[in-house]
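# Residue-level structural notes
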Amino acid sequence: MRREDFIFTVGYDGNTAIVDSKARRRYSRLTTMQLLEAGFFKPALCSAIYSENPDELSAVLEKYNSFAEKKIDSVEQLKLVIGIQKVPKEIRQIVLV
């Protein structure tokens, strides 16, 4: 999967990723930090996961905790809360909606 598809995926159907085409077109050029500044926590987390950059992952956690009523202790917990663990390797097709 390309980064811009992964960060704007809204769901999966087997080995197909369903991608928000409007958000991808409008925001795909933003960096992880820019996504965070815009308040896009899920895309920012996906971007950080995709980059495999621990500093970006920490920044997403820190920014999330600055807004959350209940603080999260680790990036792994944040991944569980948001529902994104890794870039799926089994994706063979992208559908834009």
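Thresholds applied
- Residues numbered from 1 in each chain as written.
- Predicted model: local features only at pLDDT ≥ 70, side-chain atom pairs only at ≥ 80, totals over all residues.
- Heavy atoms only, no water.
- Axes fitted to C-alpha atoms, helices over the stretch in contact; angles between N-to-C directions.
- Helix = DSSP H or I, 4+ residues; strand = E, 2+ residues; numbered from the N terminus.
- Parallel < 35°, antiparallel > 145°, perpendicular 65-115°, else oblique.
- Left-handed = near helix turned anticlockwise from the far one by under 90°.
- Contact = heavy atoms within 4.5 Å.
- Nonpolar A, V, L, I, M, F, W, Y, C, P; charged D, E, K, R; others polar.
- Pairing = 2+ DSSP bridges.

Any two packed helices are characterised by the angle at which their axes cross and by the distance between the axes. Where helix H4 (residues 41-51) meets helix H5 (residues 54-67), the axes come as close as 8 Å, and the angle between the chain directions of the two elements is 160°. Comparing their axes, H5 and H4 come out roughly antiparallel. Relative to H5, the crossing made by H4 is left-handed. Side by side, H4 and H5 meet where Phe 41, Ala 44, Leu 45, Ser 47, Ala 48, Ile 49 and Ser 51 of the first sit next to Glu 56, Leu 57, Val 60, Lys 63, Tyr 64 and Phe 67 of the second. Across the contact of H4 with H5, the residue classes tally to 9 nonpolar, 2 polar and 2 charged.

This brings us to the pairing of strand S2 (residues 16-19). Regular strands place their side chains on alternate faces of the sheet. Direction of pairing for strand S1 (residues 9-13) relative to S2: antiparallel, over a ladder of 4 bridges. Bridge pairing in S2 places Asp 13 opposite Thr 16. Here S1 folds back onto S2 in antiparallel fashion, the turn holding 2 residues, of which Gly 14 has a positive phi close to 65°. Bridge count for S2 against strand S3 (residues 93-96) is 4 bridges, and the pairing is parallel. Directly across from Thr 16, in S3, lies its bridge partner Gln 93.

Purely geometric numbers; function is a separate question.
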